[in-house]
Amino acid sequence: MTKVDNQVLSEQMIQKFGTQIISIEESYDTLDVVVEKAIIIELISWLKVDETLRFNFLTSLCGVHFPDQKDRESSVVYHLHSLTNNVRFRIHVFLPISNPEIPTLTSVFPAANWMERETFEFYGVKFTGHPDLRIILNVEDMDYHPLLKQYPLVDAVPEQIKMINISDDNFKKYHVLNGKEQSEQELNQYNYLNPGPYTPCHPWYFSEYFKNEW
Amino acid sequence: MNGEVIVDAQPPIGYIHRAFEKLAENRPFYQITTITDRLNYCSSPINNIGWHLTVEKLLGVKTPKRLDYLRVIIMELARISDHIICNSVVAVDTGAMTGFLYVFQWREKIYEIYEEICGARLTTNIGRIGGFERDFSQKVFDKINNLLKEIPEALKEFEKLVMRNRIFMDRTVNVGGISAERALDYGFTGPNLRAAGVDYDVRVMTPYCSYEDFDFTIPIGSNGNTYDRFCVRQEEMWQSLSIIRQALDKLPEGDFHADVPEFYLPPKEDVYNSMEGLIWHFKIVMGEINVPKGQVYQSVEGGNGELGFYLVSDGGRQPYRLHFRRPCFIYYQAYPEMIKGSMLSDAILTMSSMNVIAGELDA
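Rules and cut-offs
Residues numbered from 1 in each chain as written. Chains lettered and ligands numbered in written order. Predicted model: local features only at pLDDT ≥ 70, side-chain atom pairs only at ≥ 80, totals over all residues. Helix = DSSP H or I, 4+ residues; strand = E, 2+ residues; numbered from the N terminus. Buried ≥ 20, exposed ≤ 12 C-beta atoms within 10 Å, placed from the backbone. Contact = placed C-beta atoms within 7 Å. pLDDT = per-residue confidence, 0-100. Axes fitted to C-alpha atoms, helices over the stretch in contact; angles between N-to-C directions. Parallel < 35°, antiparallel > 145°, perpendicular 65-115°, else oblique. Core = buried A, V, L, I, M, F, W, Y, C linked by C-beta atoms within 7 Å. Nonpolar A, V, L, I, M, F, W, Y, C, P; charged D, E, K, R; others polar.

Participant: How should the overall build of chain A be read in this particular structure?
Facilitator: Across its full length, chain A carries 6 helices and 11 strands. Taking all 214 residues of chain A together, 30% fall into the buried category. Contacts spanning at least 24 positions in sequence make up 50% of the contacts within chain A whose residues lie at least 6 apart.

Participant: Would you explain the confidence of the model for chain B in this entry?
Facilitator: Reading fine detail from the predicted coordinates is not recommended where pLDDT is low. Per-chain confidence: chain B averages 90 in pLDDT, with 100% of residues scoring 70 or above. Per the prediction output, this complex has pTM 0.86; the corresponding ipTM is 0.89.

Participant: What should I look at first to understand the packing of helix α4 (residues 65–93) of chain B against helix α16 (residues 344–354) of chain B in this one?
Facilitator: When two helices pack together, their arrangement is given by the angle between their axes and by how far apart the axes lie. Residues and elements named next belong to chain B. The interhelical angle for the contact between α4 and α16, taken along N-to-C directions, is 170°, at an axis separation of 8 Å. Here α4 lies roughly antiparallel to α16, going by the angle between them. Residues V89, V90 and D93 of α4 lie in contact with α16, whose contacting residues are I348, L349, S352 and S353.

Participant: Got a minute to help me understand the nonpolar core in this structure?
Facilitator: Most often, soluble globular proteins have nonpolar side chains that are buried together. Membership of the largest hydrophobic core comes to 143 residues, with the highest contact counts inside it found for A:L58, B:V72, B:I73, B:I74, B:L77, B:A183 and B:Y331. A per-element tally of this core places α4(B) first, with 15 residues.

Participant: Quick question: what am I supposed to make of the interface of chain B and chain A here?
Facilitator: Interface size is commonly expressed as the accessible surface area that is lost when the partners come together. Between chain B and chain A, the residue contacts involve 30 residues of the former and 31 residues of the latter. Those elements giving two or more residues to the side of chain B that touches chain A turn out to be α1 (20–24), α8 (180–185), β1 (294–301), β2 (306–313), β3 (321–325) and α14 (327–331) of chain B. Take the side of chain B that touches chain A: its biggest share by element is 4 residues, from β1(B). Class assignment of the residues belonging to the side of chain B that touches chain A gives a composition of 13 nonpolar, 9 polar and 8 charged.

Participant: Help me out: how do you make sense of unusual backbone geometry in this one?
Facilitator: With the exception of glycine, most residues fall at negative phi, and the peptide bonds are largely trans. The phi dihedral of A:Y28 falls on the positive side, at around 50°, and the residue is not glycine. Following the sequence through the fold, A:Y28 ends up in the loop between β1 (21–27) and β2 (30–35). For B:A19, which is not a glycine, the phi torsion comes out positive at approximately 55°.

Written out as structure tokens, the structure is:
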């Protein structure tokens, strides 16, 4: 049996998929392979079952955001590991931020389930066909994707919260005091106290309002 | 639930999510060590050193042997303390409180060793990028030697109490099992995967920190059930002890940090008394040193499995993107499948034997 290394791997992939492999680079002894979105599932399931390659372990799956690259802003990175050959490599898929859709990997690796949910939550990448694509770590009705680069790491105070795109309806929804909705004028007599960690992912409406008096 | 039998389960997670990946994008490299502390807080030195190794890989730093061996000693101590917590808590969940009290004092002793090295106990923040901040004192070695002398007795006592105990075996054998194939599909790593019968260990597969110099075996189980996980962890502690002994025996003389003045903070005497020291200190703290662009993935064998760091650097003082591969987060999704059809009280045992650490689960 031939020993599988980076060279063999890249040759086999190019032989099988040809021009749909956009680029292959090697850095720090690891291959970085950029592929078309269309073949990603076919590629990974082939890598998994192929007799010689046997990439049978999905190490991790995550997103990266590159706001400066036009039409390929979002990227999804798959780390694959062949336990039999002990070779690791990365697959990158670039997607436009306007429509970040990619087929789900859950049919090949069940482990991808939560990793894809996490990626969806952080980067808004929609995995089509995913059995249960919901937010996993943050509160369920968070309607933005905090790890996108346009959201700065800020203290969670109301002015800045407005900046990070919570829609007006939501804003009003949570300005409720003693079970009664408050106008902005009424709210001004209260101080805003955030007891939690100061991160953009922090559900700021857990915070409480206190009267100005103290 | 159907009576006491579990029909279906849904794990809701995220209660201590702290947005570490976002935080890490806004911090200089050397300040991220404190974030990694809080991933698997039962064995934070492994996380710290894993992060240091990641940055060192990006920079292409060559580490001296002595540093590697010292790191191995610390990481194996951390592994022992991690497994002590897990295994004794499994015993507690079956109703055996005594064993827990017997071995927990040894975890305390291990924390005292950390304290001697870096001043902290739980969230250790041990070492720096490039090495340790100071060499281990004689007191540290004394404490480690003491521990090596005394801990085998405690572990043996614990095993005598629990391992062949009728009640314990009735509760754990054939409970919460998973096949090797499913475990691989679900991305299991560490003791949980090895209990299912796959001998995957990052220390052997992709050695870091000169792990190839040490002679140790990878214990594996056969059914991946709670009892197997318990036994694998127990055996790993013995292996860790043997690794520490070997490291102490072979510990070479030399530097305790790599020669990278651009990234390794100089000792305070140098900062106050020499020009170079002051300049490097200033440059490192103010982040005026260029980091190479690139992407690296470095993984270490954490207490629960493969702890990976995927670092994308754009040359700035902070990482462009840092993704933690947290073993708990990945294998916890198999939990519903593992407890389906079993009793509720077994579900508790299964969870504690999987060693789900909330800090790592939610990052």
